[in-house]
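Coordinates in review
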Protein chains: 2
Amino acid sequence: MTTVATASRREPLSRERVLREAIRLADDGGIDALTMRRLAQQLGVEPMSIYYHVRGKDAVVTGALDLVFEDVARRAAAATTPPPSSWREHLRARILAAREVLVQHPWAPRALESRGTMTPAFAAWVDTNVAVMRSGGLSWDLIHHAMHTLGSRQFGFSQELILDDPQGADGEPDPTAAAELGRLMPNVQAMLRDVVHDDEVGTLGWCDDRTEFEFALDILLEGLERRAG
Amino acid sequence: MTTVATASRREPLSRERVLREAIRLADDGGIDALTMRRLAQQLGVEPMSIYYHVRGKDAVVTGALDLVFEDVARRAAAATTPPPSSWREHLRARILAAREVLVQHPWAPRALESRGTMTPAFAAWVDTNVAVMRSGGLSWDLIHHAMHTLGSRQFGFSQELILDDPQGADGEPDPTAAAELGRLMPNVQAMLRDVVHDDEVGTLGWCDDRTEFEFALDILLEGLERRAG
DNA sequence: ACCTGAACACCGTTCAAGT
DNA sequence: ACCTGAACACCGTTCAAGT
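Summary of the structure given here. (Residues numbered from 1 in each chain as written. Chains lettered and ligands numbered in written order. Predicted model: local features only at pLDDT ≥ 70, side-chain atom pairs only at ≥ 80, totals over all residues. Heavy atoms only, no water.)

Points about the protein's contact with DNA strand D
Taken together, 16 residues are adjacent to DNA strand D, and Ser49(A), His53(A), Arg37(B), Met48(B) and Lys57(B) come closest. Restricting the count to atoms of DNA strand D within 4 Å of the protein gives a sugar and phosphate share of 54%. Taking Leu13(A), its main chain carries an N or O atom lying 3.5 Å from a phosphate oxygen of DNA strand D. Tyr51(B) places a side-chain nitrogen or oxygen 2.9 Å from a phosphate oxygen of DNA strand D. Top element by residues in the surface near DNA strand D is helix H2 (residues 36-43) of chain B. It accounts for three residues. Split into classes, the residues belonging to the surface near DNA strand D amount to seven nonpolar, four polar and five charged. (Near = heavy atom within 4 Å. Polar contact = N/O pair within 3.5 Å; in protein donor to acceptor, adjacent residues only side chain to side chain. Helix = DSSP H or I, 4+ residues; strand = E, 2+ residues; numbered from the N terminus. Nonpolar A, V, L, I, M, F, W, Y, C, P; charged D, E, K, R; others polar.)

Okay, here's the thing in structure tokens:
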């Protein structure tokens, strides 16, 4: 419903327009769906036209990531006004805000990791996290450990593995696959039987939902706080 | 110095030989260096010959991952005979053993994540981790949380970001990049000045070394143990 | 049973050219 | 200033064919 919802080839190309469309492509079809040629097609333009506005594919991905992290920063700022009184609550709120945004762009964490790239918005994000801990009185040394400890979680996501889904590709429950699970992972199967809701049985409960995310985050924050005091 | 060190086109192709060479390619040049065409060339064979032994590129990567996790299992078994008395020490030893192997194959964690794929050896790895916790008396529910909490760390790696390296590409220290760091990340810079050794100044200390890995791992295990007791 | 060759549908990107 | 077209060096894979 926005002005660029359909690729009306009216307005001229621009860096911003290229990057926004790149985000949409990756959101819809995963990072592999983001190719220069498809991007051009989506923008109603020849592939090479993009290169006038952006240096190459690398710059497209980096630029898209930067836009996403601008969004993260905005959301975090909103979630922390007025600022929580403890560093722990402050950091916690920031990280959960990041998560809310990045859940919308599942390709972004992976792209960030696999490129190890720095963008201004991302740099600012990390730096503010450090500042929050520092003004909470943590030593530089502990802050350094904390950065490692929180790892990618400080960027609002945890690495989850989607394991075999015993549902067949057609969506039908696959008894063969369930048996296969029991053969390969008897203990995991026992765990799932106990933990997972009935209507989820057959699917591995590898769900990166907010509860699990907070469970781990709180253990980490608790451990850091203990070492700070 | 092994028999297959140089691609002597003497011995016939085999699934095993294909997968071993795939691991070597990825180890040397990263996952992007692993292409079917290069793999064939390395094996002294035409690209299409590989398809007789392996279904396609996906199967190559999956198969290579499986071999790596067989190695992980061997290393972990050796590190836990005789088995440590507490579940916490047992799990800890397994995870650190996994790390030792996966540090040699940095592409493997990423490939595992980005494909969300299951292989027999990997399934067995996860399942045994569950078994260790269960025989330590943890509830299924807590074990389930634990799997989420440990996340990719239970596979021996943590997600680390290699941030901008202020060294220029030619290896010369780049004062512009250092200034850039200070501008974008003043707090991070302050932290690094305090924490990082002198000869590392200018480089971000985002080092996934064993100390940092254990620091975080122990916080997590400690938090889980507290919730178990 | 095992390997090949030609061909297809894709990539990102360079370079010279159009308006 | 902004966009295009042809071309190049790569991909993974299908399919029919060789030995």
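Now that the structure has been shown, the text picks up again.
Observations regarding the protein's contact with DNA strand C
Around DNA strand C, the structure places 16 residues, and the nearest of them are Arg37(A), Met48(A), Tyr51(A), Ser49(B) and His53(B). A distance of 2.9 Å is found between a phosphate oxygen of DNA strand C and a backbone nitrogen or oxygen belonging to Glu46(B). Within the side chain of Ser49(B), one N or O atom sits 2.4 Å away from a phosphate oxygen of DNA strand C. Of all the secondary-structure elements, those providing two or more residues to the surface near DNA strand C are helix H2 (36-43) of chain A together with helix H3 (50-53) of chain B. When residues in the surface near DNA strand C are grouped by element, the largest group, three residues, is from H2(A).

A few points about the relation of the copies chain A and chain B
In screw terms, the move from chain A to chain B is a rotation of 180 degrees and a rise of 0.0 Å along the axis, fitting with an RMSD of 0.0 Å. The superposition operator between the copies reduces to a two-fold rotation axis. It is Leu220(A) whose C-alpha, among those of chain A, lies nearest the rotation axis, at 3.2 Å. Mapped onto chain B, 98% of the interface residues of chain A again fall at the interface, so both copies present the same surface. (Least-squares fit on C-alpha atoms with pLDDT ≥ 70 in both. Contact = heavy atoms within 4.5 Å.)

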